[in-house]
Amino acid sequence: MSPQAQAASAPSARLLVVDDEPDLRTLYELTLVREGYDVESAGSVEEAWLRLQEQGPGHYQLVITDMRLPDGNGLDLLRRLDNAGRSEKAIVITAYGSPENAVEALKAGAYDYLTKPVDLRQFRAVVASALGRMPVPASPARAPAAVGAASATGPAGMPAALHPALRRIVGEAPSIQQVRGLVERVAQSMAPVLVCGESGTGKELVARAVHEVSPRGALPFVAVNCGAIPENLLEAEFFGYRKGAFTGANEDRDGFFQAAQGGTLFLDEIGDLPLPMQSKLLRVIQERAVRPLGATAETPFNVRIVSATHKDLAAEVQAGRFRQDLFYRLNVIRITVPPLRERLGDLPALCGSVLQRIARDAGVSPVPTLAPEALQHLVRYGFPGNVRELENLLHRALALADGTRIGQADLGLPEAVLGDGVEPDSNTVPAPLQPLAGPVRAPAPAGGPALPTDLAAHLDSIERDILERALERHRYNRTAAGASLGLSLRQMRYRMARLGVGAADNDAD
Ligand SMILES: Nc1ncnc2c1ncn2[C@@H]1O[C@H](COP(=O)(O)OP(=O)(O)OP(=O)(O)O)[C@@H](O)[C@H]1O
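Remember, predicted model here, so these are calculated numbers, not experimental data.

Trainee: Any chance you could explain the overall build of the protein here in plain terms?
Mentor: Secondary structure assignment for the protein yields 20 helices and 18 strands. Counting the 509 residues in the protein, one finds 39% classified as buried. A separation threshold of at least 6 residues defines the contact pool for the protein, and within that pool the share at least 24 residues apart is 74%.

Trainee: How do you make sense of the packing of helix H3 (residues 45–55) against helix H4 (residues 74–83) when you look at a structure like this?
Mentor: When two helices pack together, their arrangement is given by the angle between the helix axes and by the axis-to-axis distance. Interhelical geometry of H3 versus H4 gives an angle of 25° and a closest axis separation of 10 Å. With respect to each other, H3 and H4 are oriented roughly parallel. Helix-helix and strand crossings are classified by hand; for H3 and H4 the assignment is right-handed. Residue-level inspection shows Val45, Ala48 and Trp49 of H3 in contact with H4, the latter providing Asp76, Leu77 and Arg80. When its residues are assigned to classes, the contact of H3 with H4 shows 4 nonpolar, no polar and 2 charged.

Trainee: What is the right way to look at the sheet that holds strand E16 (residues 333–336) in this model?
Mentor: Sheet strands pair by backbone hydrogen bonding; their relative direction is either parallel or antiparallel. Taken in spatial order, the 5 strands make up an open sheet running E9-E12-E15-E8-E16, and their pairing is parallel. Because the sheet does not close on itself, it has two edges, and the strands there are strand E9 (221–225) and E16. For this sheet, the mean angle separating the axes of adjacent strands, direction not counted, is 20°. Pairing of strand E8 (residues 193–196) with E16, which is carried by 4 bridges, proceeds in the parallel orientation. Bridging across to E16, Cys196 finds its partner in Thr336. Where helix H9 (residues 203–213) meets the sheet, its contacts fall on E8, E9, strand E12 (264–268), strand E15 (304–309) and E16, and the angle it forms with E15 comes to roughly 165°.

Trainee: What exactly am I supposed to notice about the nonpolar core here?
Mentor: Proteins that are soluble and globular tend to have nonpolar side chains buried together. Core analysis: the largest hydrophobic core is formed by 88 residues, its most contacted members being Leu15, Leu62, Ile91, Ala110, Val183, Val195 and Val210. With 6 residues, the top contributor of residues to this core is helix H8 (residues 174–187). Taken together, domain 1 (3–130) and domain 2 (149–338) each give at least three residues to this core, which thus spans both. Val183 has contacts with Leu166, Val206, Ala209, Val210, Val213 and Ile335, leaving out every residue within four places of it along the chain.

Trainee: Is there a simple way to explain the site of the ligand in this structure?
Mentor: If you check the shell around the ligand, you find 18 residues, and the closest are Val170, Gly202, Lys203, Glu204 and Val387. When residues of the shell around the ligand are traced back to their parent elements, those giving at least two are H9, helix H15 (347–362) and helix H17 (386–400). Taken together, the residues that form the shell around the ligand break down as 5 nonpolar, 8 polar and 5 charged. Shared between two domains, the shell around the ligand holds at least three residues of each, these being domain 2 (149–338) and domain 3 (341–451).

Trainee: Would you mind going over H15 with me for this structure?
Mentor: Helical geometry note: an α-helix holds 3.6 residues per turn, so side chains three or four residues apart project in the same direction. An ideal rise of 1.5 Å per residue puts 22 Å on 16 residues; H15 measures up with 22 Å between its terminal C-alpha atoms. All of the buried residues in H15 are Leu347, Leu350, Cys351, Val354, Leu355 and Ile358. Buried residues in H15, looked at end-on, bunch into an arc of 125°, giving them a common side. H15 presents Gln356 and Arg360 as exposed residues on the side facing more than 90 degrees away from its buried surface. Looking one or two residues past H15, Gly363 carries a phi angle of roughly 70°, positive in sign.

Trainee: Just to check I follow, could you spell out the sheet that holds strand E6 (residues 89–94) for this structure?
Mentor: As summarised here, the arrangement of the 5 strands in space is E2-E1-E3-E6-E7, forming an open sheet in which the pairing is parallel. Single-partner strands in this sheet number two, and they are strand E2 (38–42) and strand E7 (112–115). Shown here is a sheet whose adjacent strand axes are inclined to one another by a mean of 20°, direction ignored. Where strand E1 (residues 14–18) lies against E2, 5 bridges are found, and the strand directions are parallel. Each bridged residue has a counterpart across the sheet, and for Val17 the counterpart in E2 is Ser41. Sitting on the sheet, H4 is in contact with E1, strand E3 (62–66) and E6, with an inclination near 150° to E3. Strands in contact with helix H6 (residues 120–130) are E3, E6 and E7; relative to E7, the strand with the most contacts, it is inclined by about 170°.

Trainee: Where do I start with the packing of H15 against helix H16 (residues 372–379) in this structure?
Mentor: Running from N to C, H15 and H16 cross one another at 115°; their axes reach a closest spacing of 11 Å. The handedness of the crossing between H15 and H16 comes out as right-handed. For the pair H15 and H16, the contacting residues are Leu347, Pro348 and Cys351 in the first and Leu375, Leu378 and Val379 in the second. Here the residues of the contact of H15 with H16 are counted per class, giving 6 nonpolar, no polar and no charged.

Trainee: Is there a simple way to think about the confidence of the model for the protein in this case?
Mentor: Note: predicted coordinates in regions of low pLDDT should not be interpreted at a detailed level. Counting all residues, the mean pLDDT for the protein is 81, and 83% of those residues have values of 70 or more. Low confidence marks residues 1–9, where pLDDT is under 50. Its contacts with residues over four positions away, or in another chain, come to 16 contacts. Segment residues 504–509 is flagged for pLDDT under 50; beyond a separation of four residues in sequence, or across chains, it makes 7 contacts in the model. Scoring the predicted complex yields pTM 0.66 and, for the interface, ipTM 0.98.

Trainee: Looking at this structure, how should I read unusual backbone geometry?
Mentor: Apart from glycine, the bulk of residues carry a negative phi angle, and the bulk of peptide bonds sit in the trans form. Cis geometry is adopted by the peptide bond preceding Pro117, which originates at Lys116 and carries an omega value of -5°. Structurally, Pro117 can be placed in the loop between E7 and H6. Within the chain, Glu269 stands out as a residue other than glycine whose phi angle is a positive 55°. Summarising the element assignment, Glu269 is placed in the loop between E12 and helix H12 (275–287). Owing to 18 C-beta atoms within 10 Å, Glu269 belongs among the partly exposed residues under this scheme. Of note, the phi angle at Asn386 is positive, near 55°, even though the residue is not glycine. Looking at the secondary structure, you find Asn386 in helix H17. Classification of Asn386 by C-beta neighbours within 10 Å gives buried; the count is 21.

Rules and cut-offs
- Residues numbered from 1 in each chain as written.
- Predicted model: local features only at pLDDT ≥ 70, side-chain atom pairs only at ≥ 80, totals over all residues.
- Helix = DSSP H or I, 4+ residues; strand = E, 2+ residues; numbered from the N terminus.
- Buried ≥ 20, exposed ≤ 12 C-beta atoms within 10 Å, placed from the backbone.
- Contact = placed C-beta atoms within 7 Å.
- Axes fitted to C-alpha atoms, helices over the stretch in contact; angles between N-to-C directions.
- Parallel < 35°, antiparallel > 145°, perpendicular 65-115°, else oblique.
- Left-handed = near helix turned anticlockwise from the far one by under 90°.
- Nonpolar A, V, L, I, M, F, W, Y, C, P; charged D, E, K, R; others polar.
- Pairing = 2+ DSSP bridges.
- Core = buried A, V, L, I, M, F, W, Y, C linked by C-beta atoms within 7 Å.
- Domains from an automatic or database assignment.
- Near = placed C-beta within 6 Å.
- Expected span 1.5 Å × (residues − 1).
- Arc of directions from axis to C-beta.
- pLDDT = per-residue confidence, 0-100.

Set out below in structure tokens:
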């Protein structure tokens, strides 16, 4: 249904247009009145503020303001609304070629921005989206003031009632508290979020938290790994297609945008998107409508974009591999997830939470524990693969452990890959441990065969090979194969499940 048709069936919304150019004001008013909205207008910050005060909260559902006004700018109006605790949404119209202003507007709590000269189709779509005239979650609240990386100092401690999605981001390092604080603050706005950080640091966990904490939480969260889709399929996957659009298109299919309708689209590894697709994505995001391959009409969507990358996108822009305008669109609010080696103080809590999850998934009880010397050992490791590597390591250690206590030897971390320890720093040293001498460092280059770049994956592949050979030798009898390796059936089952090793179910369990 077009926003116009929807507007006709929904109660009329009241809008305030703020612009000092009479011609533009008339153009906006006419466009909006034709869509079925009640429109009032003002020519300055003071005049607009006067009207907003006179009419009181709730009278206008949306304020559309030009950035540059004779007595101030659109952001002044946004700040006044915010300071007064008013819930009107705002759309800011900025001059062409001033992405910084647009970013500022979104950080100040604007629902969205439009660039001059305003494309009226886009104008109508953004207004409809702000007013919930397309499938939308329960009315998103206004973002609090000063949302944004620049002002993101994070709360001093965890709020008393922490959302479950935030509780899943384990850790008390100041940098992690800051991440949680930022997630909580940006969740309420529509502004795009870019999550940056090394591989395995928890970027997707953070993206999911942004979604779950937001008013869209009950609607779809669609995660897309941009680097994993073949280039020739990107358009069909993102925008969908109609039956007959190309050979093999036997039925209509929705793309990611349609699938995420009303919710959040998580674009993981956005830096891997080829340039031609970047242009198409930018256009679709700006117009808030997609045209599936083979379709004649565009479908409006209401989707929040959260993207993630392990790359330095600004450097990618400099190198000409990433479009600057798309970068500005996506990088409105940046959340940086620190590498694990910079928050080793969180290791005990992370290990505890990971072990609990592993035990729950595998139906193991009681929850395995980590011996203090094993923890001390972990502190000396650099974790190039971050929290994901820690998970893999604990998975394997549990499989190797005799019983549910994980000792140092079960970790399978040879001295060669360990540093001497960590610097005595309260952020990096786990509380129960004594600081060790010297900084964490990469292993010294040694002679002999090349060291694996991902130790956990390397050891997993060795273990998988051993299990498969033992199973083959014992005609896929898990009890016998396990016994030949000194493992109980339970341990054998656990390892096979973890490594995805299959076996015919022919042994007497
Ligand atoms: N702070 C944390 N608390 C608990 N679990 C975490 C934390 N950070 C990461 N994890 C876990 O580590 C694993 C990797 O996290 P995630 O997939 O979010 O990382 P990523 O940065 O998106 O990785 P990649 O860059 O490879 O896509 C997940 O299982 C996640 O639940």
